[in-house]
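For reference, the chains in residue letters:
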Amino acid sequence: MAPSFDLIGLVVSDMAASLSFYRRLGLDIPPSADTEPHVEVTLPGGLRLAWDTADTVRSFDPAWTPGVGGPRMALAFRCDDPKEVDRVYADLVEAGYEGSLPPWDAFWGQRYASVHDPDGNGVDLFAALPAM
């Protein structure tokens, strides 16, 4: 039997700030979670997304240190259509989050944009472009 992919974990410096960002993307995270050291939600399809404070990670791995340089992974959120990519990107940037790649029509057939969450992780937004 092979292991099954079950959870994506993010280490955060400010739990409330990080959860606020992901709530804007539509994740149902209760406000009471803002003060917790570990939070997780189950996404449609069963995959879980979790957040841990750096102190929580260091409680079981004292040698842990954050990565250096740019992030090596990104989360991607599918939008219903290209206009939603534009709307969500604008909403996040207007709320003060860093836009790293404004919406554009990618050669692979998607409207695509990227923002950074409060910890600098890449979060991509995409939707299929209408067929030509």
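Scroll up to find the structure this text is about.
Residues numbered from 1 in each chain as written. Predicted model: local features only at pLDDT ≥ 70, side-chain atom pairs only at ≥ 80, totals over all residues. Heavy atoms only, no water.

**Focus on the pairing of strand S7 (residues 122-128)**
Thinking step 1. Within S7, six of the seven residues are buried, which leaves the element mostly enclosed by the surrounding structure.
Thinking step 2. Where strand S4 (residues 74-78) lies against S7, five bridges are found, and the strand directions are parallel. Residue Phe77 lies in a different strand from S7, and its bridge partner there is Leu125.
Thinking step 3. Relative to S7, strand S6 (residues 110-116) is paired through seven bridges, and the arrangement is antiparallel. Of the residues in S7, the one forming a bridge with Val115 is Val123.
Thinking step 4. From the end of S6 to the start of S7, which pair antiparallel, there are five residues, and Gly120 there has a positive phi angle of about 85°. (Buried < 20%, exposed > 50% of the residue type's maximum accessible area, 1.4 Å probe, protein only. Helix = DSSP H or I, 4+ residues; strand = E, 2+ residues; numbered from the N terminus. Pairing = 2+ DSSP bridges.)

**Points about the layout of surface pockets**
Thinking step 1. A volume near 460 Å³ is recorded for the largest pocket.
Thinking step 2. Taken together, 18 residues make up the lining of the largest pocket; nearest its centre are Val11, Pro66, Gly67, Asp119 and Asn121.
Thinking step 3. For the lining of the largest pocket, a count of residues per class yields nine nonpolar, seven polar and two charged.
Thinking step 4. Empty space within the second largest pocket amounts to approximately 250 Å³. (1 Å grid on protein atoms, 1.4 Å probe; cavity = no way out; pocket = protein on both sides within 12 Å on 5 of 7 lines; lining within 4 Å. Points joined across faces, edges and corners; volume = space filled by probe spheres on them. Nonpolar A, V, L, I, M, F, W, Y, C, P; charged D, E, K, R; others polar.)

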